[in-house]
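Next come the chains, spelled out residue by residue.
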Amino acid sequence: MTATGADQGRRLALPGTILGVGLGGFVDGIMLHQILQWHHMLSSTDTDNIGVRYYPVDTIPGLRMNTLWDGFFHALTWLCVLAGLALLYSRVTTSRGRVWRSRALWGWALVGWGAFNLVEGVIDHHILGIHHVHGGPYQLWWDLAFLVLGAVLVAAGLLMRRGAPAVDLCREAAAR
């Protein structure tokens, strides 16, 4: 990658990573919280490590509190997507079509998604213990698989980004 290509790749790193964090959070929240209903933000507070009051999801008050905290979680992931898009827009004034097709951008997005899984998994599942991927007798294995998925996403994103051709953000502007 040329110096210009490396510079362009670095310009995509922060917006792509933040976008990936938000999109990864949406996948987690939509798939695991809502569709599969394996957990909610506070669904394991009966066994947590910090003493949060228990909010069982099989009661109306418990489900209301869990839904409220799921909403805060989704609001945060939505803000990450907006921030990632805003940063991307501010850094790319031409060649937007090539950027959206860029392996560099989507590689960084995978890095962000994987980083989300690793941070959220370590903090919420292991350190705080406020919820688990899928509670029950095999919850540790589900939590570890979530971390492995995060590491695989980071590695795949770095590999994808590494082999990405340079996106010349000035090519269209120079052609005008």
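Now for a quick tour of the structure. (Residues numbered from 1 in each chain as written. Predicted model: local features only at pLDDT ≥ 70, side-chain atom pairs only at ≥ 80, totals over all residues. Heavy atoms only, no water.)

Focus on the overall build of the chain
Then, in step 1: When you go through the chain residue by residue, the secondary structure sums to 6 helices and 0 strands.
Then, in step 2: Tracing the chain from N to C terminus, the helices and strands come up as α-α-α-α-α-α.
Then, in step 3: Pairs at least 24 apart in sequence give 76% of the contacts found in the chain among residues at least 6 apart.
Then, in step 4: As presented, the chain carries roughly 9700 Å² of accessible surface, and 69% of it is formed by carbon and sulfur atoms. (Helix = DSSP H or I, 4+ residues; strand = E, 2+ residues; numbered from the N terminus. Contact = heavy atoms within 4.5 Å. Areas by Shrake-Rupley, 256 points an atom, 1.4 Å probe, with all protein chains shown as cover.)

So, unusual backbone geometry
Then, in step 1: The phi dihedral of Gln 37 is positive, around 55 degrees, even though this residue is not glycine.
Then, in step 2: With respect to the secondary-structure elements, Gln 37 resides in the loop between helix H1 (3-35) and helix H2 (60-91).
Then, in step 3: Taking relative accessible area as the criterion, Gln 37 reaches 57% and is therefore assigned exposed. (Buried < 20%, exposed > 50% of the residue type's maximum accessible area, 1.4 Å probe, protein only.)

Regarding the side chain of His 131
Then, in step 1: Structurally, the position occupied by His 131 is in the loop between helix H4 (103-127) and helix H5 (139-162).
Then, in step 2: In this structure the side chain of His 131 is engaged in a polar contact, spanning 3.1 Å, whose partner is the backbone oxygen of Met 41.
Then, in step 3: A distance of 3.4 Å separates a polar atom in the side chain of His 131 from a polar atom in the side chain of His 125.
Then, in step 4: Look past the residues within four positions of His 131 in its chain and what remains in contact with it is His 39, His 40, Met 41, Ser 43, Ser 44, Glu 120, Asp 124 and His 125. (Polar contact = N/O pair within 3.5 Å; in protein donor to acceptor, adjacent residues only side chain to side chain.)

Regarding the environment of His 131
Then, in step 1: A relative accessible area of 0% means that His 131 is categorised as buried.
Then, in step 2: Counting along the chain gives 89 residues from His 131 to Leu 42, while the straight-line C-alpha distance between them is 5.7 Å.

Quick notes on the nonpolar core
Then, in step 1: Counting 10 residues, the largest nonpolar core is built from Leu 12, Ala 13, Leu 88, Val 92, Val 99, Ala 104, Leu 105, Trp 108, Val 111 and Ala 164.
Then, in step 2: Sort the elements by how many residues they give to this core and H4 lands first, with 4 residues.
Then, in step 3: In this structure, Leu 32, Met 41, Ile 130 and Val 133 belong to the second largest nonpolar core, which totals 9 residues. (Core = buried A, V, L, I, M, F, W, Y, C linked by side-chain atoms within 4.5 Å.)

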